[in-house]
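For reference, the chains in residue letters:
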Amino acid sequence: MPPLNQLRAFEAAARHGSFKDAAEELHVTQAAISHQIKALEDDLGQKLFIRMTRQVRLTPKGEALSPVLTRAFEDIAIATSDVRDDALEGEIVVSVAPFFGNRMILPLLPEFHAEFSGIRIKPIMNAEVVDFDKDDFHCAIRYGTGGWKGLDEIHLVHNMVAAFATPSYLASRQLPVTLEEIAGMTLGSVVGREYHWIDWFKVQGYDPSDGLNLIDYNNKARALDLALAGNGVALDDIFLTAREVETGNLVQVHPFVHKQDTSMYLVFPSALKKDTRIRAFGDWLVRRLSDQKNSQ
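Quick caveat: nothing in here was measured; it's all calculated off a predicted structure.

**Structural notes on the overall build of the protein**
1) Next: On a plain count of helices and strands, the protein comes out with 11 helices and 11 strands.
2) Next: Its C-alpha atoms give the protein a radius of gyration of 21 Å, near enough to 19 Å, the size a compact globule of 296 residues would have.
3) Next: Over its C-alpha atoms, taken along the principal directions, the protein stretches across nearly 60 × 50 × 35 Å.
4) Next: Across the 296 residues of the protein, 45% fall into the buried class.
5) Next: Once local pairs closer than 6 in sequence are excluded, the contacts in the protein between residues at least 24 apart make up 75%.
6) Next: For the protein, the accessible surface area stands at approximately 15200 Å², while carbon and sulfur atoms represent 51% of it.
7) Next: Taken as two groups, the 31 positive and 40 negative side-chain charges of the protein have centres that lie 3 Å from each other.

Now the structure itself:
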């Protein structure tokens, strides 16, 4: 059998469709992922990925191998959890922003509790950045670029943002709306993150040099309310808005989706890095959120 590290690197890269994202999940460099996969391909005598300039795609052989390995690693995770059942018990108090918590975490908790019956996750909806030295939390779900001092982290999911509005707000316009038209609309923004709109335009080669009509809110939920109320356009994560799009309450104004340099992380004090309950919760969230992303 090929070395386990090679199989793990391939499985993560195949699941994410990205060497970079696989490296973040496994806490190694992108070069290490590439090296492990190349060694696996040499060992098998088969190409598993088609490598392009900015992305990778599975070959037919890679597509056949990927789901088998994913199931195998899930079976290993479950089996090892069963062995250390005595450690996977008790309550874990998690701080999470209400917007992300209500839309992404609460709907998944029944599944987690069914799989890890000894652990009870207690989410506390909290928009503030918690101080683990003062606040009574085991872990928190935090937005940013990672690398917080004194904290260990598990990368959960990248922020993938697009522009959304109600059908009524766009009633007189053809989809997709042009960038120039969007730049002239009322745009919901979060205080301190106005540059997200600028980045979204500039990555597409459009410079809104005449300025934008930004309405500032103190969090993403309120900015999305602008769009839901039919009063403008919100820039938000495609997974957090999936339900509104499915029900027809929102439509994606333009097809471009921007993969930001920010992500959601599960963070916890380094002193708790051996707490297997936190690690089980974080690793489970990574798999489950990845499943949701791949189903979009």
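**Overview of the pattern of salt bridges**
1) Next: Taken as a whole, this structure holds 16 salt bridges when the rule is applied.
2) Next: A salt bridge links Arg51 to Glu41; the nearest nitrogen and oxygen atoms lie 3.0 Å apart. Taken together, the residues Arg51 in strand 1 (residues 49–51) and Glu41 in helix 3 (residues 30–44) connect sequence positions 10 residues apart.
3) Next: On the basis of relative accessibility, which here comes to 36%, the residue Arg51 falls in the partly exposed class.
4) Next: On the basis of relative accessible area, Glu41 is assigned to the buried category, the value being 3%.
5) Next: Because the salt bridges share partners, they merge into one network encompassing Arg8, Glu11, Arg15 and Glu25.

**Observations regarding unusual backbone geometry**
1) Next: Look at the link from Leu175 to Pro176: it is a cis peptide, with omega at -5 degrees.
2) Next: We note that His27 has phi near 60 degrees; this positive angle belongs to a residue other than glycine.
3) Next: Structurally, the position occupied by His27 is in the loop between helix 2 (19–26) and helix 3.

**Description of the packing of aromatic side chains**
1) Next: Applying the stated criterion across every chain yields a total of 11 aromatic pairs.
2) Next: Each ring, one from Phe112 and one from Phe281, has its centre 5.2 Å from the other, and the planes form 75 degrees; the classification is edge-to-face. Here Phe281 lies in helix 11 (residues 276–295) and Phe112 lies in helix 6 (residues 109–115), a separation of 169 residues in the sequence. Just as Phe112 is buried, Phe281 falls in that class too.
3) Next: One residue, Arg8, lies across the ring of Phe73, its end atom 4.9 Å from the ring centre.

**With respect to helix 9 (residues 220–228)**
1) Next: Regarding helix 9, the residues found buried are Lys220, Ala221, Ala223, Leu224, Leu226 and Ala227.
2) Next: Gly230 lies just past helix 9 and shows a positive phi near 80 degrees.

**Observations regarding the side chain of His254**
1) Next: Checked against the element boundaries, His254 lands in the loop between strand 10 (251–252) and strand 11 (258–269).
2) Next: For His254, a relative accessible area of 13% translates into the label buried.
3) Next: A distance of 3.1 Å separates the side chain of His254 from the backbone nitrogen of Phe256, its partner in a polar contact.
4) Next: His254 has contacts with Ala163, Pro176, Val177, Leu179, Ile182, Trp200 and Gln204, leaving out every residue within four places of it along the chain.

**Some remarks on the nonpolar core**
1) Next: Residues Ile141, Leu156 and Leu266 are the most contacted members of the largest nonpolar core, which totals 40 residues.
2) Next: Residue contacts for Ile141: discarding those within four places in its chain leaves Val94, Ser95, Val96, Phe100, Ile105, Leu156, Met264, Tyr265, Leu266 and Leu285.
3) Next: Among the nonpolar cores identified, the runner-up in size contains 18 residues, and Ala13, Phe19, Phe49 and Leu58 belong to it.

**Observations regarding the environment of Leu109**
1) Next: Tracing the chain through its elements places Leu109 in helix 6.
2) Next: Judged by its relative accessible area of 8%, Leu109 is buried.
3) Next: Remark: the alpha-carbon pair of Leu109 and Glu24, spanning 85 residues in sequence, is separated by 24 Å.
4) Next: Excluding residues within four positions of it along the chain, Leu109 makes contact with Ile121, Pro123 and Phe281.

**Focus on a negative patch on the surface**
1) Next: Negative charge collects at one region of the surface, where Asp131, Asp133, Asp135 and Asp136 lie side by side.
2) Next: By the secondary structure assignment, Asp135 is in the loop between strand 4 (119–125) and strand 5 (139–144).

What counts, and where the lines are drawn
- Residues numbered from 1 in each chain as written.
- Predicted model: local features only at pLDDT ≥ 70, side-chain atom pairs only at ≥ 80, totals over all residues.
- Heavy atoms only, no water.
- Helix = DSSP H or I, 4+ residues; strand = E, 2+ residues; numbered from the N terminus.
- Rg over C-alpha atoms; globule rule 2.2 N^0.38 Å.
- Buried < 20%, exposed > 50% of the residue type's maximum accessible area, 1.4 Å probe, protein only.
- Contact = heavy atoms within 4.5 Å.
- Areas by Shrake-Rupley, 256 points an atom, 1.4 Å probe, with all protein chains shown as cover.
- Lys, Arg positive; Asp, Glu negative; His and termini not counted.
- Charge placed at Lys NZ, Arg CZ, Asp CG, Glu CD.
- Salt bridge = Lys/Arg side-chain N within 4 Å of Asp/Glu carboxyl O.
- Phe/Tyr/Trp six-rings, centres within 6.5 Å; stacked < 30°, edge-to-face > 60°.
- Lys NZ or Arg CZ within 6 Å of the ring centre and 35° of its normal.
- Polar contact = N/O pair within 3.5 Å; in protein donor to acceptor, adjacent residues only side chain to side chain.
- Core = buried A, V, L, I, M, F, W, Y, C linked by side-chain atoms within 4.5 Å.
- Patch = residues over 30% accessible without salt bridge, like charges linked within 9 Å, V, L, I, M, F, W, Y side chains within 5 Å.

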